Structure formats: structure tokens, C-alpha cells
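# Descriptive structure summary
So the chains spell out like this:
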Number of protein chains: 6
Amino acid sequence: MTSPAGGYGPPDASAAPRYSGVRTFARCPHVRSPAGVEVAAVGVPFDTATSFRPGARFGPEAIRSASSLLRPWHPVLEVDVFAGRSVVDYGDLDVTPGNAERTAVQVAEGLRPLLAAGVVPIVLGGDHFVALGELRAHAEAAGGPVAAVVLDAHADTWDQYYGERFFHGTVFRRAAEEGVVAPERSILAGMRGPLYDRGDLDAARSLGYEVVVDAELRALGPAGFGARVRERVGDGPAVLGLDVDVVDPAFAPGTGTPEVGGLTSFEAIGFVRSLAGMRFRGFNVVEVSPPYDGPGQPTALLAANVAWEFLALSTVASR
Amino acid sequence: MTSPAGGYGPPDASAAPRYSGVRTFARCPHVRSPAGVEVAAVGVPFDTATSFRPGARFGPEAIRSASSLLRPWHPVLEVDVFAGRSVVDYGDLDVTPGNAERTAVQVAEGLRPLLAAGVVPIVLGGDHFVALGELRAHAEAAGGPVAAVVLDAHADTWDQYYGERFFHGTVFRRAAEEGVVAPERSILAGMRGPLYDRGDLDAARSLGYEVVVDAELRALGPAGFGARVRERVGDGPAVLGLDVDVVDPAFAPGTGTPEVGGLTSFEAIGFVRSLAGMRFRGFNVVEVSPPYDGPGQPTALLAANVAWEFLALSTVASR
Amino acid sequence: MTSPAGGYGPPDASAAPRYSGVRTFARCPHVRSPAGVEVAAVGVPFDTATSFRPGARFGPEAIRSASSLLRPWHPVLEVDVFAGRSVVDYGDLDVTPGNAERTAVQVAEGLRPLLAAGVVPIVLGGDHFVALGELRAHAEAAGGPVAAVVLDAHADTWDQYYGERFFHGTVFRRAAEEGVVAPERSILAGMRGPLYDRGDLDAARSLGYEVVVDAELRALGPAGFGARVRERVGDGPAVLGLDVDVVDPAFAPGTGTPEVGGLTSFEAIGFVRSLAGMRFRGFNVVEVSPPYDGPGQPTALLAANVAWEFLALSTVASR
Amino acid sequence: MTSPAGGYGPPDASAAPRYSGVRTFARCPHVRSPAGVEVAAVGVPFDTATSFRPGARFGPEAIRSASSLLRPWHPVLEVDVFAGRSVVDYGDLDVTPGNAERTAVQVAEGLRPLLAAGVVPIVLGGDHFVALGELRAHAEAAGGPVAAVVLDAHADTWDQYYGERFFHGTVFRRAAEEGVVAPERSILAGMRGPLYDRGDLDAARSLGYEVVVDAELRALGPAGFGARVRERVGDGPAVLGLDVDVVDPAFAPGTGTPEVGGLTSFEAIGFVRSLAGMRFRGFNVVEVSPPYDGPGQPTALLAANVAWEFLALSTVASR
Amino acid sequence: MTSPAGGYGPPDASAAPRYSGVRTFARCPHVRSPAGVEVAAVGVPFDTATSFRPGARFGPEAIRSASSLLRPWHPVLEVDVFAGRSVVDYGDLDVTPGNAERTAVQVAEGLRPLLAAGVVPIVLGGDHFVALGELRAHAEAAGGPVAAVVLDAHADTWDQYYGERFFHGTVFRRAAEEGVVAPERSILAGMRGPLYDRGDLDAARSLGYEVVVDAELRALGPAGFGARVRERVGDGPAVLGLDVDVVDPAFAPGTGTPEVGGLTSFEAIGFVRSLAGMRFRGFNVVEVSPPYDGPGQPTALLAANVAWEFLALSTVASR
Amino acid sequence: MTSPAGGYGPPDASAAPRYSGVRTFARCPHVRSPAGVEVAAVGVPFDTATSFRPGARFGPEAIRSASSLLRPWHPVLEVDVFAGRSVVDYGDLDVTPGNAERTAVQVAEGLRPLLAAGVVPIVLGGDHFVALGELRAHAEAAGGPVAAVVLDAHADTWDQYYGERFFHGTVFRRAAEEGVVAPERSILAGMRGPLYDRGDLDAARSLGYEVVVDAELRALGPAGFGARVRERVGDGPAVLGLDVDVVDPAFAPGTGTPEVGGLTSFEAIGFVRSLAGMRFRGFNVVEVSPPYDGPGQPTALLAANVAWEFLALSTVASR
């Protein structure tokens, strides 16, 4: 299929209800070629690397489902996220359940053609481990390590679980070791809850990451956080991610390792919006586990909106 | 049935558990005559006009169920909502599923005898479209347009959906066009989330409504909001409504068109209480969709409490 | 997109997990052109015409989701449902929520190009009313009325509800009146549960339908039912439909008007399989209401399998 | 309120949807006086006496909710359950949560005026303990012990639990000891599942009850069961009860002490219908625990239909 | 089993996943002897005394299940809750369902050996009534009344329900009457929502309790609350309890008498942490009702974390 | 802990409710030593090898929870499953999420001491892959391959998934290849539903297994099946397993790869009981996925009862 003049985008919502049609991200067309595409939602249905509740393999499906409610105009950032842009749902990347190491390779390979074509991918997880392949792909495309900006309840810099080194809780250690992220330009924000050891967060800092724990993040507020991120990241290539467990289980019950006492959705979205104007090469929203979500799918709805905020950031950056 | 001396009210909760008996609003008697009634809960089990998730037809049932927990004394406004008052559950109005236009007529007809008798109706929706018939009835009874004070995530002033003009998202445009509301005395507050078009809220303003978006509402706080509403509404007849989607899906997952990043229940109730002292001719709480609510029915519980706050406002105004 | 040599079909399930990718029926490609297509799943996300629990508008989504588990080989009918065949997911037809009459027109229009091209559509409802548009389209394509073979707890031959003539419970009366079905070649089977009136089923018979109530259907067994249908339908054009409420709520809790004491899934599938060898011009499976389904989506899973049995019937007939 | 000419009954379902109005049993009027009443649904919202999962206190509410789907005509017994009859919802009896002994007294007192007036009560439980008060009331009204015909997975003839003698598992021992049932005319059918001791069922038999275990019941079939009951009960006063755990948890997941391997709903209803022609003085359906029911409320739906079958039995007996 | 050198504690979470093994509190060993134990989680599976939704009998099971996610290090209080401490799960105390009075005796008896051995019990409810037996045990062990510090939406100082004096809403009146708490050193904080009567909270104050309603609690903030509690309680023996209904139903839907407009989990935990440094003789977290919790068990997760915060308070106090 | 005289068994259920205490299988003590043990429930919380819905890692927890309802006496087989026997809950074996191959080793190692001591293990899965380690352990202990008797909807004899050879659908191929089962003495029964290829079941047969598809199994009935198994298995060592997907999703919605049209629980239990008198060295019940189970946990309840039937088979065999 060739790209239509004016690019890809959702159908007119006044022609048929938004709950019509095969579920794609924000009702955008399902296109498997990067030609003529600027932004692509990309699912990674993988949850082998989760340490507690599984189910994130169905995260892309749930986010797509919830995203059918999204509309084009962002009233705060004042952009139409589709106008003049070409946005598609690329479908899912191949993964190998039961084999995290191979899946990271598949994710990186799957993203390569998109990045080579200059597409900005919004990755829909899957557990947080999917970020490893994503970061590898970005580093390869950028010709060097990228900055990671992450909102998450956990630093995910543990070394191993039961001898397994490829886990959703080890991803930012592996990424640093592999040189695909630049910890000195990266920031991990929102950490809270019980830890294994006093040294857990120090270990993240020893790898070079800036760690902004929950209390500090709340104290900074969106404006302070936005300034801190800009200062930290600088002008180099950067990727933005949000693990839905950064918000409280009241707002995101459907996740793998919930921690009580988290942000509200309103707060989390404020932190994302504070980054408007920054140019990210890619995004991810991870750890949506639909079987643990409520009947009204609040977690998937939040994740769909976060992905839409990412799309808006990309739109602002493209102006 | 004739009205008892002292008016209608709930049975003594110390005689039998509150979960006893046929479910009526706040355990008040089910009475189908306006004689001797001051306030009546009135269900409108209608959801044909919903644009996304249906189910609000079961909203009145769920609100009644949850309302059995309510007690008489309001510790903040310091009123007994039943003492010296006559409060009933009038049951449901007739509706025609599949026919919104006819239903609006039925709702207006159904409310007419109540308003003619001076009863203050608290309408339990149903989707937000039920407000059209309600506003028609109030305008007829008041002999002119009424002010609408609305807490909602959406302005509901679109013109049509797929060619259908009677929809839950068009109600305040239709009401303005029909002259049953006075937009210049009305206020729509709490709007947030993705819109179809940059002009969506301007269109509401062009109709004459004051629109207070989410951020502004939060900045005003309850006191500021209360002052703004008093100034806007003045002394003329007014109706107060709350669409449960003004709160976040964490607090109200069971609703038709949820938007993330909303108010907390605490905040929403604060905005309602800020209006204590104003005299409203009627109230509504809408968009409770039980099949999407959580196992503990938090949305219905919130709506029942909002209706109870309305009852308290009415009590304060009657003193 | 042009049809591939050998026709359309699902991807290799050994390359990626079946839960990968945008959800289409049985993982078949989403194709909006009838060219080169033999069988097409077609969603009709409509539930305005339901008389009790809504939600069937999300039926197509849920059936697609559950259908990802389906595999190609039918071990009882001994056919590969995809081998040598071209099967697609055509997406959803346009509908107008709140307007059943217009939706019936849209459904008929939406199916016309498929039928004109000789495609066998498997309609995924939606409430049972979607069958009216479907039957109109088939009658038009066939140049005359078609036989309807229906498994359902209800005869759906009432005349109106609250003055509305286009409802899920009136579809076979309307279809007979309009001359799009031939009642004398049609059979309605599985009726059970409380009725409005002694004459309800006689009314269906007066329209010319053969009515086989639940007890008789059980007594016939699959073989007897298959013989009865063949005898009744003859060689003319025919459409086969199954309303999931023909099975018990234990097996299909997610439906609009459940009736207890129904068939098991095993029995229902046996009745469908008994028709192997007959050539149907189209099929439908209706009344899946996901918000009332269990956490494991048993109703959607059953409906997906029924659609797959329909596909197998079509394959057998094509040999 | 005086009884209308022709008696009480549900409103016309063609005027408004069946999901309209305050929820009463089968949409019958809520009447608190026995005058002019022939059959009354009576809730007993009590679950203190349950030994495992509580929640049956909300059983009457759930059964009323599900009963709104019921229609008048019974196509198998060929009766209109409302025509020429006067049927009401009497509401709930007073109970004392936390005090089973006192509640049994309250239940008996609550039923006394109904029985004195010749009303046939259909008791909606509540846990099975509610039957003790019911049987006391019947024995008092009948001037002697009544026969109990019970479909249940458990014989409920244990002596005590943790020293408590008034429990849902002791009800038929207490009733025999008190002389309110005549075990020699009574039958307990459907027992299955693990027992505390080899002697559990022998103890029931020692009290004089006939015990028909699950396998025997299946072997008898409806006709055999009907004959056995008629022979056992004879012409004396009798009460018929069904504990929803006699069916399998697939059909009735929402119950307090589920046992796998039970009857289907179809089978259970067949056993009830086999008693058509017998004249029972009262009925009960117990052990519906809504918090454990599925989203589509299958257990409540089954119980509502069982109550409706009881109403039909009463209608047949009244001819 | 004898206490191991170094005390009891959880197994190494790097050896097997945290979701392995028989569910005990925080994966600590299940030990029924107080020897060598410093802190013990103790379940009381009782809900007979609940006035609305039952189910808290399954609270201990759900809290244990959710607690498997807990880790050792508290990053805010900077303590390892297990290091150098001996922590066990003592299992559940005997209770008598249906008999609150006897259960209070059993709870007191059950705790006696623990308190005699100097163990700090963290009681996992169960409805709030379980606190009566707990307070009796503490008063006996302390040789006089203890201070109660309680976070709760309700003051629980009513006198009786339907004639029953032992109820979850009467516990702090009974405790004061019995002299097992010292109201003049006690504080009840977080009260909100509809009351039975203007005098409800005054009655609590008349008993001697300090009552800090919701608005005042929010105004105090954690630091102010911490100071107020220290001043009130002084150096005498004290017990700290949290009823999960002090938080909003969005965060704790699974509870018996939910009240909307409550605290967030973040706020509630802040109030608990503000008491670090105080030495409590025991703790309780009550009113978790799993059948009303969401699919992801957010209420149980919150309660497990509250119990963990209690453990941390105990650790800080022990230094 | 040393074994008590008379062996291990559950506590007296008349002392405290069955829902009391830390959840162990059938309330038996949690003992980690094989000394003095005859039968042990052993959990394997592993689901990495599942090809569709995960969650079986929480299967052991859910089965233990549901098993608290079990009582000692089997009224059909007429045995007390605990009397004169020593039964414990051994807890869970170590597993490595994300690494199926290593987990199979861990399972075999974990079972070795039990089998060496002559304990009969009842394995609680976990996905079906856990059977590979179990069969290895049995073969080692038996000194040769064992017979596998399996009730399952799937033959689980595929060769690989996406290149992974250790999957829940490959277990009986691997077991045959490794020589730990003797296919010529084994029987796989209950296969139904769509297959990948015509040859799927032939492949199972080529490996030497007897395959009894669903229709044949139903035709055999329990007696025929029992005879067939006895004939097939002979006197050699044998292991009996049941995958809960052999029953219909109505009865077991909480499973990983549900197939519609399955057995009822009654039928499945009948097939298990038909093997009474055979002496199995071990048992397993697998594929319970709690996040997909209904609110009343019917799947876990069924699995708990199946495990209890296994215990009864073991008791019968021990006489």
C-alpha cells in the first residue's frame, strides 16, 4: 500500500462510531511499511520477563482497544496530533515467548527498518524488558548511546533474577552495560515502594543514572521536572518511556508489579506534558497487564492516553 | 397513598439492616404521586444516545443500590437531609430505547407533574442526553430558560453524530437552540481530554456558555468556583448537573466515555458543596454505566453520594 | 492490496505467537475489497435494538480477540478451513447508533459489494437486529427471499416494542413482511423460557416459520435436526445464524437477553455441524455482549468457534 | 393501598422497557399488606449462618434485579403465571445480622400474617438458614409439621458448627427436632461432594428424611423424581425449596458453599417442573451470593427463574 | 520448631520467585509458637460484625497473597524491616462465625501468649470488630488501658445495631466502657461521610476520644498529625490501627462500608509514616473485603503495604 | 518437624471455620520433609511455557485457596481420604520464570527426595509443561519409563513453538523422546477443537500414544474408559494427569488455552473415578490460570476437587 497524499491518519469519526472497525492504535491504518510514515505505534506482546503478575503480552491489544476513544485535538498543547502528519499502526513485532534474550534481538531487528526510515516509533508493551531491544535499535540508528527518560516506580537496574539476566527489572543495567544508553544523560524518575536492599538505588546511580525518587519528583512538579530533564538530556538523541506502575494501582490496577502510594494519572500526564518541545526519537509505554485491569479497562485507557501524549510531543517537536 | 404527617422519608436504620428491602433511593418510599413531596429521586434508564460504552440504562438501578448506605446527617453542611423534609423515590420515567427524540419528550412529560407540584427532582441517569427532556420541563415550569450548571469532562455541545442530532454529546447545543437553557447564565466546568477539533470549546462559548476547563477549575478551587457560579447564574432558575466522567476513571470507571486525568471524588464533592446556599430547581447525576463499574460499584457509590449532596443543597436552600 | 496467489489466509502461527498483531478474525488479513475473496468475516457493531442488556456493539471486537486462538484443521469435518481458500476480515460495516432503521439500510448496502462478488460473509454481531439488513442483502443478491435457519432461544417475531418496529426481537417478522426471507423454507430452533403470551410462538408459525422448541430440538438430536433442516430448506438460497443465547448462560453469560436452561456449547456445535454439506450463502453469530462476559471471555470464545464452524461448513460446501 | 380489581401483577412490558422502575420481583408491585394477595415474593437478606462464602444477604436484591427479565407465559406448563392471579413483592423481612437465633424468630413472625391470610410466600434467601423460620411459620399455620422437599447439594443436617447450633448446615436437623417438619414425609435430593464423615447422610436418614443422592437423582430423572416426591409427601402440607448449589458452579458460581460436578440448570428446572400439580404452601430459593456471581449474574438469573417456576407451580395448583 | 539463630524472616527472593510457596505474610515462616519471635502477623478471619458488605473473613488470605510482593528495605524510613529482627506469620486466631461476643473472647485469648512473650502482633482483619479482642488483650498485658490511634472513615462509637451490641461500628464505645482503651490518650482520625445523627461524633468525644475529621486531618498534614498523636498518646502503651475505608474507594474498593471522598493511599501512608519513632505495642489493618476488591486486588495490596509500614514502625522503634 | 503419630492431616474443622489459617492444600500441614509422609501436594508455580493466556503461575495459590472447602469423606468411593493416612502440603518447588529448560530440571530435582521416600506427589500446576520434570523424576525413581494417563483437550505433542522446544504443547513429545514415558502404555484422552494440521493427532499416535478423542471418550463413558486405561497401562508404573481445559470453559474459564465444547465437570470427575483401584505413582492437575477465572473461582474449585479425587484414588489403592 502506498502512502496517501497528506499521510496516514484515522478515519472520520463522524462517519461511523469510534468503536467500529478492526482495533488499531487511535484508529490509524494498519500499515507494515515505513514508507511515508512519520509516527508508528508498534506493539511488543511480550511478558516472559515479568517477575510477578504476567499478562502484559495482551497489553498492545488492550491499548489499541482503549485508544479508539482518542480524538485529534490536544487542548493543552494546542496541536492536532494527526493534522499534517502521517501516523500508522505498524502492528506487532515478532517475539519469542519464553526466550527474553532472543526477543530483545527480534525487537531491535523489528524496529530497524522504521528507524532507518526516520519513523518515530511509539512502542506499546509488553513488560518493561521490551525497552532493551528498543534502546539497542535506537543506539544503532543514532550511532551511539541514547538518553533514556523514564517514569517508573522501579529503577529496573537489578542484575539478575534467579540467575536470569534478561528480565524486566534488569533492563537499564543491561542497557548501560551494552552501551546503548548514556546513563550520564539519562534520568529515572518516580521510584517508590519497598526495595530489596539499601543499595538498590545507589546501584542505579553508580551506573551513572540520575534517580529522582517519588518524593523528589512530587516536590519538583512538572515545571521543575521538565527543566531537570532538559538539562540532563541536552541535545543528544533521547527516548522517553513510561511504566504504568509509576501511577497508583487505583489508576493502573492492571500491571505486573504494582506499588501503592503512586502518582495520580493527572500528575503523571503533567510530567509527560512538561517535556513538550523536546524531540524524542522514540517512546514506550509498558507494563499494562489486561487480566488484572478493572472492567472498564482504566489502565489500558491511561496507557492509550499516554501514547497519545507522546504523539502530541512528537507533533510539537515537528513544528 | 397519602403523604404521612411530617412527610416521607427513610425507615429507621436501627430496625433492620440498610441492605434490607426493595432498593429505592436512600431507602425512601417509592411514591408515584407528587402530593406532599418536596424532593424526588427520578430515574431515567436510557442509554441509546451514548457514543461509546453503553450501560447507563442500568444507572438508576445501581445508584439506588449504592444509596442504601446513605445516612441522614451531613457533617460538613450540618443538615439532616431528611429531617422536616419529604423525600421520595418516584421510580423511573418512561423511555423508548432506540428513540432519543421520543424519549426527550417522555422525560419532559414525566417531570411535568412533579415540577407543577413544586417538587425538586433529582434525576438519576441514564446517559447525559436525559438532561434535554429535563431542561425542557424546567423551562416550561419556569416560564423561560433556566441556567445550567454542569460539571463534566465534555462540553456536550457538538452538533450531531453520524447525522443523529439527539445524542449525549449534543445536549447543551440542542438545549440552547431550543431556548430551554440560558447559556449566558450557564457554566460548563471540568472539560479535559482530547477533542475533535480546536474549535470544539469555542463552539460552546459561541453558544453563550461559560466554559471552565479542568486546569482553570482546579485553579479556582471550590471557593472560587462557588463564587463564579453565583455570579454567573444570578437569581434566576437554575439546574445543577454532574456527569460522573468529570472525575477520573480511578474513581468512576463505570461510565460511557471515560477521560483520564480527572478530578478526585474529594475534589468533585468539594465543588458541589461550594454551591451550598444556592437554590436549584432540579439536579441530575448522569453517565453511570454499571457493567463497566468495579466489583465494589465505586461509580454508583459516588453517584449516590452526589445525589445525596444535591439533596443536602436542597435542604440548605429550603431553610 | 491485490489478492495474493492462493488467496488470503492467516499468517504462520509458528513464526509468532497467536496473540500477536492487530486483532482480525482468525488472524486473517484485514482487506476492504472483495476481489479475490471467498469468505469474509464482517463485523456489525450495533446494539441499539437490544431490549435488555446492551454491549453487543463490542461483540465484533471480542469475537476477533477470541478468534486468535483458532487453528486451521477441523478434526471432525476433516477440513483445513484455510487451505486452498481465501479468507479475510473485511472489518466492520457502517452503522448508526440510535437509529436501527437506518442501520438496516447501511448493513444491506455494506454487504452488497461482497455478495455481488460471490463472497460468503460471516456476520459478527451486534444484536440480532443486524440480521435484517443481512437478509435484505441476501434476498437482493439471490433475486428472491432466502431461507433462514436460526438457532436461538427466542423466535424474534414480535411486532414492536414500545412502538418501535425495528428491534432485535422483531427481526424475523420484519424479514417475513418484507419478503426477504421465505418462512416456508425457514426454521427457528431452540426456543425456550418465559414468553409474553401463549400466542408468541403461534405467531411465528402463522408467519410461516417452522418453530422447533428446545425440548423438540434436544429430542431430534444433531442428526434429526440436520435432516429436518435439509428437508425444510431444500435447494434454494439459505442463511444460517446462531444467537448465542441459544446456549445456557453458563456457557454464554455475555449476552443481552439470557435465558436459563439452555443448550451446552457441545450440543450447539453439534447442531451446527449436522448441517455439513449444505451450502449457505451467508452466516451470522450474534448477541455477544462483552461487558457481561466472564473474565476469560467464554461467550466470545464460543462465538469465535461458531464462526469457525461456519467457515468449515463453507469449506465443506465448496469441495 | 387496596388490592386492585383482578389482583396485583406486573405492568405492561410494552409501555416501558423491563429494566425500568424500582426493582421488585418480576416487576410486581411492592405491597406490604397481605390483603388481596395470592402469592408474594419475600426477601430474607441474611447470611450470618453461612459457613464459607458470605454475601447471600444481597441475594434478594440480585434475584429481584434478574427477575425483571421474566415474562408471563410458561410454554411448557402452559400457564400465564399472572393471569387471574394476584402476585406482589412483599419486600424483605426484618433480620438481625450476627444473630441467627433471633432472625429465625423474626422470619417466622414476618411470615405469620401472610400465611394467616392464605398467601403463598416465595422466600428469596439469604442463606439456607432462613428456611428454619419459614418452616416454623408454616408448621404454625398448618397446625402441625410440614413436609420439606429440598433440592440441595448438602443435607444440612449437621448438629453444630464451632458450638453454634443455628447455622445454614443445621437447618433440617433443627427443624426436625423442633417438630416443624415431618421428616417421614420429606425428601432431601441432590446431595454430592465431600462430606465430613461416612455417617453424615445416615444421620439425615436417622432423623427420618429420605435422602436421594446426586447419582440416584440423575437416575430417577424428572418423572421418577416427581413420582417419588408425590408418594413421599402425600396430601399433607408441604414446602418446596431449592438451594442453588444443587446446580454446578458453572451455572451458579455465586453461592456460599459450591460443590463441583452438579446438575445443569436444565436438569434442575426439569426436577422442579416434575412437581407440577402438587400444591405447596410455600417455596424458597436460597444461597445466592452476588459478590461471587459472574458479571452477567447467572446465579441470580437462575434463582429468579426458579422462583418463577415456583410461581408457575402455584398457578397450576390453583386451577 | 525452634527459632533459628538470627530470628525468623523471609526466604531469599533471588532463589525462587516471590509468588512461590504457601502464602504467608511477607513470605515469613508460619510459626505457631511465640518463642524467639519479635513481630507476628496474626489473621482474624471474622466478618459477622459487619453492617453492610461482608467478606472480610477472607481479608487475611488476601493480605497474605498481596504481601508476597513486599521487599525488605524501606527507602523513606531507611530500615530493613527484617534485618536483625525475627518476624513470623502466626496464622489465624480461632473465631466463631455468627457469634461476635465469643469471638472477642477468642481473639483476646489467642493474642495472650504472644503478648506475654513480648511479641508485637500485627493483626490482619477481619472487620473492625476484631479490634475489641485485640484491645482487651493489650490492656490485660499492659496492666491497664491502652491508647488507640485509629485512621478510619468512621468513629465506630455507636451503641448498638438492631439490638446487637457487638458490632464493627460499636468497637470503640465497648472498648471505652470496658476500660481497655484510655480515650483521653486516644485519637480517632479521618472521619467523613454521612452520619446517622448530628450527635454521632459528639458521642465519640463524650466518651473521651479526640476526633479529627477528614478536613482537619488533611489540614494537619502528616507532620501535624504526627505531632498531635505524640502529644495525645504520651508515653503510655498504645496500639495503632487503620481501617482501609479511610482511603477512597478508588484505592480501596474492597471494603465493607465504603465512603467516597477519602484519602489517597499516598496520603494515608504519609500519616502512618509520620508516627515513626513511636513505640506501639500492636497494630491492626482491618476491613479488607476481597470479594469486592478489583481484579488486581488493590485493597489487599494497600493493606499489605500498611502492615509492612507497621512493621517498619516497629523496626524503627526497636532501634 | 517430626511426623505426628498417625500421620499428618488437616485440623478439626469444627474448631475453627475452614476459611481460617494459612492456605495449604486441603488444610493439611505445610511440611518440607518427606519423613512420615504418604501423599504430598506440591505446587509448581510456572507459566513461562504457555502459548496463549498466562497466569498459571498463580495456579497453586488458587487451588490451595479453593481446597479449604474440602472435607474428608468420599461418598462415592467410600473412603476417608485422610483417615489412617499422612497427607501434607509440601509447598512449591523452585522454578525459574523465563527458563523452561532449567525449570524442568528443578522440578525433577525437587520431586526426587519425595519419590525416594515413597511419597505420592500430587502436583498442582502451573502450565502443562511442569509435567516434563515430573515425568523425569518418576522415570528416574521407577528405573524406567512410566505410563502417562492424561485427560486434556490437547495432545501436547507438537515439536516446537517459534523455535522453542520446551513448551506446554510439546511436553509429551519431549517425554517420549527422552524415554521418560512409555507411550505404548500411555493414553491421551479428550482431544477436541481446532488443530494446526490434519497430522497433529497422527503425530501423537506415531510417537506411540493411544489417542482417544473427545467423541470417543464420551462414547466410552467412565466404565469403558476405565477398562481401556487398565488394559493399556497394565501393571507398570503410571502417572495420572488432568489438564483443566479438558472440561468446557463454562466449568473452567480460568485456563490458558480454552477450547469450547468440552466435558462437564461431572463427566470429567466420572472419568477420574473410573480409575479407582489403579495404583498411580503420582498425579498432576494443571493449567489453572486464576486471572481468567470467574469471581467465584470455579476453575480452582474444580482443580482442588480433582486433586482430592486423586487423593481418594491413592487412598483406595493403598487399602
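These lines cover the structure that appears in this document, whether it is placed above or below. Just so it is clear, the model here is predicted, and its values are computed rather than measured.

At the junction of the two partners, chain B supplies 24 residues and chain A supplies 28 residues. Of the residues in the side of chain B that touches chain A, the class split is 14 nonpolar, 5 polar and 5 charged.

What follows covers the relation of the copies chain B and chain A. The operation relating chain B to chain A is a screw motion whose rotation component is 120 degrees, with 0.0 Å of axial translation and a residual RMSD of 0.0 Å. The superposition operator between the copies reduces to a three-fold rotation axis. The rotation axis passes nearest to the C-alpha of B:A250 in chain B, at a distance of 3.1 Å. Looking at the interface residues of chain B, only 8% of them are also at the interface in chain A, so each copy uses its own face.

For chain A and chain D, which are not in contact, the least C-alpha distance works out to 9 Å. Chain B makes no contact with chain F; the smallest distance between any of their C-alpha atoms is 9 Å.

Further remarks concern unusual backbone geometry. With an omega of 10 degrees, the peptide bond running from A:G125 to A:G126 counts as cis. Turning to its location among the elements, A:G126 is positioned in the loop between strand 5 (120-125) and helix 3 (130-142). Non-glycine residue F:E78 carries a positive phi angle of around 55 degrees. Locating F:E78 in the fold gives a position in the loop between strand 2 (73-74) and strand 3 (79-80).

Let us now look at the relation of the copies chain C and chain D. Aligned on chain D, chain C shows an RMSD of 0.0 Å; the corresponding rotation is 120 degrees and the shift along the axis is 0.0 Å. An overlap of only 8% is found between the interface residues of chain C and their copies at the interface of chain D, pointing to separate contact surfaces.

Residue and element names in this part refer to chain A. Pairing is parallel across the open sheet formed by 8 strands, whose spatial order is 4-1-5-10-9-6-7-8. The sheet is open, and its two edges are formed by strand 4 (87-92) and strand 8 (210-213), each paired on a single side. Looking at each pair of strands side by side, their axes are set apart by 15 degrees on average, direction ignored. Where strand 6 (residues 147-151) and strand 9 (residues 238-243) come together, 5 bridges link them in parallel fashion. Paired with V149 across the strands is L240, a residue of strand 9. Set on the sheet, helix 1 (residues 59-67) makes contact with strand 1 (39-44), strand 4 and strand 5; between it and strand 5 the angle comes to about 110 degrees. Its contacts with the sheet put helix 2 (residues 100-116) on strand 1, strand 4 and strand 5, and the angle it makes with strand 1 is roughly 170 degrees.

On to the sheet that holds strand 8 (residues 210-213) of chain B. Two modes of strand pairing occur in sheets, parallel and antiparallel, and in both the strands are linked by backbone hydrogen bonds. Residues and elements named next belong to chain B. Pairing in this open sheet of 8 strands is parallel, and the strands run 4-1-5-10-9-6-7-8 from one edge to the other. Taken across any chain shown, the strands that pair with only one partner, and hence form the sheet edges, are strand 4 (87-92) and strand 8. In this sheet, neighbouring strand axes are inclined to one another by 15 degrees on average, regardless of whether the strands run parallel or antiparallel. Taken together, the 5 bridges between strand 9 (residues 238-243) and strand 10 (residues 282-286) define a ladder with parallel strand orientation. Along strand 10, the bridge assignment pairs V239 with G282. Each of strand 6 (147-151), strand 7 (187-191), strand 8 and strand 9 is contacted by helix 6 (residues 214-233), which is oriented at about 170 degrees to strand 7, the strand it contacts most.

Looking now at the nonpolar core. The tendency in soluble globular proteins is for nonpolar side chains to be buried side by side. Grouped together as the largest cluster of nonpolar side chains are 708 residues, with contacts concentrated most on A:A307, B:A307, C:A307, D:A307, E:A307 and F:A307. What D:A307 contacts, discounting residues up to four positions off in sequence, is D:F25, D:A41, D:I63, D:S67, D:I122, D:L124 and D:V285.

A separate point is the interface of chain C and chain D. Taken together, the contacts link 24 residues of chain C with 28 residues of chain D. For the side of chain C that touches chain D, the class distribution of residues is 14 nonpolar, 5 polar and 5 charged.

Next up on the list: the packing of helix 2 (residues 100-116) of chain D against helix 3 (residues 130-142) of chain D. Residue and element names in this part refer to chain D. Contact geometry of helix 2 with helix 3 gives a least axis separation of 8 Å together with a crossing angle of 40 degrees. Put simply, helix 2 runs oblique to helix 3. You can see that helix 2 and helix 3 cross each other, and the crossing is right-handed. Contacts between helix 2 and helix 3 involve T103, A104, V105, Q106, V107, A108, L111, R112, L115 and A116 from the former and V130, L132, G133, E134, R136, A137, H138 and A141 from the latter. Split into classes, the residues belonging to the contact of helix 2 with helix 3 amount to 11 nonpolar, 4 polar and 3 charged.

Thresholds, definitions, all that
- Residues numbered from 1 in each chain as written.
- Chains lettered and ligands numbered in written order.
- Predicted model: local features only at pLDDT ≥ 70, side-chain atom pairs only at ≥ 80, totals over all residues.
- Contact = placed C-beta atoms within 7 Å.
- Nonpolar A, V, L, I, M, F, W, Y, C, P; charged D, E, K, R; others polar.
- Least-squares fit on C-alpha atoms with pLDDT ≥ 70 in both.
- Helix = DSSP H or I, 4+ residues; strand = E, 2+ residues; numbered from the N terminus.
- Pairing = 2+ DSSP bridges.
- Axes fitted to C-alpha atoms, helices over the stretch in contact; angles between N-to-C directions.
- Core = buried A, V, L, I, M, F, W, Y, C linked by C-beta atoms within 7 Å.
- Buried ≥ 20, exposed ≤ 12 C-beta atoms within 10 Å, placed from the backbone.
- Parallel < 35°, antiparallel > 145°, perpendicular 65-115°, else oblique.
- Left-handed = near helix turned anticlockwise from the far one by under 90°.

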